[in-house]
Amino acid sequence: MTEGEKIIPVNIDEQMKSAYIDYSMSVIVSRALPDVRDGLKPVHRRVLYGMYDLGVSASRPHKKSARIVGEVLGKYHPHGDSSVYDAMVRMAQDWSLRYLLVDGQGNFGSVDGDSPAAMRYTEARMKKMAEEILADIEKETVDFQNNFDDTLQEPTVMPTRIPQLLINGASGIAVGMATNMAPHNLTEVINGTLAYIDNNDIEIDELMEHIKAPDFPTGGVIYGYEGVKEAFKTGRGRVVMRAKTQFEEINGRECIVVTEIPYLVNKAEMIKKTADLVNEQKLEGISTIRDESDRKGMRIVYVLKRDAIPNIVLNMLFKYTQLQSSFSVNNIALVNGRPQMLNLKDLIHYFVEHRHDVVTRRAQFELRKAEERAHILEGLIIASDNIDEVIALIRSSSNADEARQKLIDRFELTEIQARAIVEMRLRQLTGLEQEKLRAEYEEIMKLINHLKELLASKEMRMNLIKEELVEIRDKYGDERRSSIEYSGGEMNIEDLIPDEQVVITISHAGYIKRTPLSEYKTQNRGGVGQKSAGTRDQDFLEALYVATNHQYMLFFTQKGKCFWMRVFEIPEGSKSSKGRAIQNLINIESDDKVKAFICTQDLKDEEYINNHYVIMATKKGQVKKTPLEQYSRPRQNGINAITIKEEDELLEAKLTDGNSKVLVAVKSGKVVRFDEAKTRPMGRTASGVRGITLAGDNDEVIGMIAVNDMDSDILVVSENGYGKRSALEEYRETNRGGKGVKTMNITDKTGLLVAIKSVTDNDDLMIINKSGLTIRMRVSDLRVMGRNTQGVKLINIKGNDSIAAVAKVIKEEEEEIGDVEIDENDTNQTE
C-alpha cells in the first residue's frame, strides 16, 4: 500500500445494494424510459440535437451517418457507436415508427429483419417533423445541462410541438420495470389534445371519441376493443392485432392474400414458421406460400389446397401464426424524473403542461429580446433626431470610449444605447433609414404589448398552443393505417362456420374425417350398403359418430387420456376419402388409440359443466363417473381421464346429467343395468369401481350406454349382422358389479355381441362393417322383441366380413326417406 492510501472495510451486502440501486436508477432515468414531455429517451434526444448541431435539417443535403454518429458520440453520448446508429436507424424505418424523424438514404434494413448497411455507407438528415421537435430550442424554452465532460451543454428535454410520445410510442426495458407504448394517429391525438385543452375535466371515454385506438405503422386490423379500452383507462392492456387479408382466386385456386401484417412482426420469419407448420402437418389446407412483396407494397399469398375451406384455413393461420399477435401496452414514462404508469388523459395532460411551459418561456425570451431591441431603437431615434450634434460630439472625441461617454452625458443614454450610436453606419443617416427606425420601433412596441398580454393571460397561451397544434395537424396529419374491428374480441371462429350435422369416422389405424350428414342416403333393412370410406391396407373403420360443427369434442384414448377439440377443426373429407391421421391433430402417443369421444355444448358455461358428468367403462368391467367440469380446461398434451390398470383399456365414455340408467354389455351376451347414482363422482386420476363381472378370461365389455328416456329401447348387434330391439324394462335393475342378464341368444350363426345402443323410432341406424361398407336404416323398421331371442338380420355379411361399428343418427323431419337402388358393382369393392 503506497503512502497516503488507506483501506476502508465495507459490508459487501450494503455495497452491492447501494451499487445496484445506483445502476438501476441510472438505467431508469438516463437510458431506458422516455420522458413524458417529449417522448424521447436520452439517445434519441442526443441524435436529434447532434443533427441540429451539424445543421443536417430537412432542407439541407444528407450527411454520412458515421459523421452524425461521431458527432453524437464525441459530444453527448459516451456509449457504443452501435447504440447511437441503431437508434438513428429505427427513426428512419417506416415499419418501426409511425411518423419518421430521420430521412435515411441507403440501406436502412427491411421488414424481413435484414440489417441496415454499416454507417459508413448510409446517409441521413432530419425529417421536417424532427424540426418541429426542436422548434424554438434556441429561445431558452428548455433547460440545458452539461455534457459528460462538462465542456458543452445539451438539452434535458426537447421543446416539441408534436405529442411525440403518443404518436410514435416507445419501448424499453429498465431494471425492475419496462415500457411498451403504442403509436397513435397524429390527427386523432391532436383532436383529443384540443378537446382536453377546451375541457380539462374531460373523461377518458370522451377522449376516446377522438383517439379511437393505437395506429400502427404496418397497418393491420385491431381485433376487438376491450384491450384498447383497458390500455386507455389504466395504462395497461393487450391490443390484439391481425393481418389485413382478402380471398382471391389465382389460376383457378383459392388463395389467402395478406397485404398488411401486425406491428413488430418479422415477415420472413413469420413465413418460414408458417411453412414449418405446414410441413409438420400442424397446419392443414395450404399447398404453397409465396412472398410477392415489392416496392409497391406487401403481398403474401397462401395458395390453398382444392378441398380447403378458406375461412377455416385463415382462422387456423390466425391461431397458430403471427398473422395474429398482440401488443401489450405498458405506459410507463418519466414524470419529473420518476417512472410513472400513465393513462391516456395523463399523457395528454403532461404534454399540454410541457407545451404551456415552452410557450411561456418562449414568450419571456422574445419579450426580453424585443425590449432590448426597443431600448437600442430608442437611442438610435434620439441620435437621428439630433444627428448634427451627435456627429459633432463623435468627431471631437479622441476615441470611441470618450465618444460614448459624451453621448451618455449629453442625451442621458445608457451604455448599450451609446455603443449602438457610435457603431451606427453612415447609411442610417438617410431619411429613408430614419423612417425605417421609427416603423421598426412601432412594430416592436406592438410585439412587446402582445407578449405582455400573452404572459398575463393563460387563456391566450392555451389558444396559442391550440393554433400551433392545428397547424401541425394540417401539415402532417394523415388517415389511420390500422382499421378497427370493434366486435372482433367477441366474434368467434365458429361464427364463420355453418352449424350443420356431420358424420365423424375414425378408422382402426387412427384416421379421422368429418363428412356432411347429407352425403349419406337412407336404405331399407337388409340392403347390402354403399361404399363409404376408403381405407388403407389392413385398416378398417372402427367408429362412427354424428355431431354438429360447433360442438366441442372430448377424445378419450384407451390409455385413459382425454384430448379436446372443436368438431369443425377435424379435416373435412368425402365419403370415399381416407381422412387424416389423428396423431396430426392431437398430441396422442404413437401406441395409443382414440376409443370414445363426447360432444358437449359450451365448456365455459359453469352451470352446464357442473351439472353434467362423464361415465367411463373399461374392457375389464371397471366404471367411473367424473364431473364434466374436470375436463373444461384442456391442455395441448391432453389430461388424464382415468387411471388404467395393467392389461385393461378404456372402452367407452358417455355424457350424463347425473340421473341416467347405465347399461354395460359384454361380448358373451350379458348386460348389467344399474342406476348412475350408485357410482359416486371421482377425480380424474381415480381408476373407478367394478361395473360388471366378466363371464371368463376371454370375455370383455363391448359397450356401455347411459339412458335418460325410459321409453328408449335397447338395440344390440352381433358381429354377423344380427340385431335385436328390446324394451328397457326387459332389463331389470341390479346392483353395479353383478354378472348381468342375458341380452341375446349368442350362437355361431349370430357371432359375439359387438354393439349396444339406446334407440327410439325417431332414430336412424348407421351400420359399418370392417371392409368399409355402410348401410343406413330406420330403427322403426325393427320390431321390439323379447330379451332372450336371437334377433333379425340387419345387414348381409359377405365372406369373412363382420360388423365393425354401429351408430345412431337423429333423423331430421324434413328429410325425405325413400328406397335407394344399390349399385351391384359398388358392393364388391374392397380396399
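Reading the values: the criteria
Residues numbered from 1 in each chain as written. Predicted model: local features only at pLDDT ≥ 70, side-chain atom pairs only at ≥ 80, totals over all residues. Heavy atoms only, no water. 1 Å grid on protein atoms, 1.4 Å probe; cavity = no way out; pocket = protein on both sides within 12 Å on 5 of 7 lines; lining within 4 Å. Points joined across faces, edges and corners; volume = space filled by probe spheres on them. Helix = DSSP H or I, 4+ residues; strand = E, 2+ residues; numbered from the N terminus. Nonpolar A, V, L, I, M, F, W, Y, C, P; charged D, E, K, R; others polar. UniProt positions renumbered as here; feature names shortened; annotations may be inferred. Pairing = 2+ DSSP bridges. Salt bridge = Lys/Arg side-chain N within 4 Å of Asp/Glu carboxyl O. Buried < 20%, exposed > 50% of the residue type's maximum accessible area, 1.4 Å probe, protein only. Contact = heavy atoms within 4.5 Å. Domains from an automatic or database assignment. Buried area = accessible area lost by both parts, 1.4 Å probe. Polar contact = N/O pair within 3.5 Å; in protein donor to acceptor, adjacent residues only side chain to side chain.

Focus: empty space enclosed by the protein
No. 1: Applying the stated criterion across every chain yields a total of six cavities of 30 Å³ or more.
No. 2: Put simply, the largest cavity is a space of about 100 Å³.
No. 3: The wall of the largest cavity is formed by Leu165, Leu166, Met181, Ala182, His184, Pro214, Ala231, Phe232, Val329, Asn331, Leu344 and Leu347.
No. 4: For the lining of the largest cavity, the elements supplying multiple residues, two or more each, are helix H6 (164–168), helix H9 (226–234) and helix H12 (344–385).
No. 5: In the lining of the largest cavity, the residues fall into 10 nonpolar, two polar and no charged.

Some words on the UniProt feature "active site" (unreviewed entry) in the chain
No. 1: The positions UniProt marks with the feature "active site" (unreviewed entry) are Tyr121.
No. 2: Topologically, Tyr121 is positioned in the loop between strand S2 (102–105) and strand S3 (123–126).

Things to note about the sheet that holds strand S28 (residues 639–640)
Picture the strands of a sheet paired through backbone hydrogen bonds; they go either parallel or antiparallel.
No. 1: Read across the open sheet, the four strands follow the order S25-S22-S23-S28; overall the sheet is antiparallel. Because the sheet does not close on itself, it has two edges, and the strands there are strand S25 (594–600) and S28.
No. 2: As judged from the six bridges shared by strand S22 (residues 552–557) and S25, these two strands associate in the antiparallel manner. Across the sheet, Leu554 pairs through a bridge with Ile598, a residue of S25.

Description of the pattern of salt bridges
No. 1: This model, assessed by the stated rule, comprises 57 salt bridges.
No. 2: With a closest N to O distance of 3.9 Å, Lys446 and Glu443 form a salt bridge. Note that Lys446 and Glu443 are positioned in helix H16 (residues 431–456) at a spacing of three residues, about one turn of the helix. As far as burial versus exposure is concerned, Lys446 and Glu443 are alike and both exposed.
No. 3: Glu733 serves as the salt-bridge partner of Arg673, at 3.4 Å between the closest nitrogen and oxygen. Here Arg673, found in strand S31 (residues 670–675), pairs with Glu733, found in the loop between strand S35 (722–727) and strand S36 (741–742); they are 60 residues apart in sequence, far enough to count as distant.
No. 4: The buried category is assigned to Arg673, whose relative accessible area is 9%.
No. 5: Members of the salt-bridge network, linked through shared partners, are Glu132, Asp136, Lys139, Arg161, Arg355, Arg362, Glu366, Glu468 and Lys475.

Some words on the UniProt feature "coiled-coil region" (unreviewed entry) in the chain
No. 1: Mapped onto this structure's residue numbering, the UniProt feature "coiled-coil region" (unreviewed entry) falls at residues 434–475.
No. 2: Here residues 434–475 runs as 98% helix and 0% strand, with 40 Å between its end C-alpha atoms.

Examining the environment of Leu347
No. 1: Among the secondary structure elements, Leu347 is positioned in helix H12.
No. 2: Along the backbone, Leu347 and Phe232 are 115 residues apart, and their C-alpha atoms lie at a distance of 9.9 Å.
No. 3: In this structure, Leu347 is in contact with Val36, Leu165, Leu166, Met181, Asn331 and Leu342, ignoring residues within four places of it in sequence.

Topic: the environment of Lys654
No. 1: Within the secondary structure, Lys654 sits in strand S29 (residues 650–656).
No. 2: When its relative accessible area of 22% is taken as the criterion, Lys654 is described as partly exposed.
No. 3: The spatial distance from the C-alpha of Lys654 to the C-alpha of Glu366 is 84 Å, given a sequence separation of 288 residues.

Comments concerning the pairing of S31
No. 1: Most of S31 sits inside the fold, with five of its six residues counted as buried.
No. 2: Examined bridge by bridge, strand S30 (residues 661–666) and S31 share five bridges and lie antiparallel to one another. Within S31, the residue paired with Ala665 across the bridge is Val671.
No. 3: The antiparallel hairpin formed by S30 and S31 contains three residues in its connecting segment, where Gly669 sits at a positive phi of about 100°.
No. 4: Sheet topology note: the S31/S36 ladder contains two bridges and is antiparallel. Within S36, the residue paired with Val671 across the bridge is Val741.

Here's the deal with the domain arrangement of the chain
No. 1: In terms of domains, the chain is made up of domain 1 (28–160), domain 2 (244–322), domain 3 (346–476) and domain 4 (492–520 + 538–598).
No. 2: The interface is formed by eight residues belonging to domain 2 together with nine residues belonging to domain 4.
No. 3: Between domain 2 and domain 4, roughly 840 Å² of surface is buried when both sides are summed, and carbon and sulfur atoms account for 49% of that area.
No. 4: Among the residues of domain 2 in contact with domain 4, Glu284, Ile312 and Asn315 are the three that bury the most area, contributing 48% of the side total.
No. 5: Between domain 2 and domain 4 we count one salt bridge in total.
No. 6: Salt-bridge contacts for Arg580 lead to Glu284; the nearest nitrogen and oxygen are separated by 2.7 Å.
No. 7: Our enumeration of links across domain 2 and domain 4 arrives at one residue pair in polar contact (both at pLDDT 80 or more).

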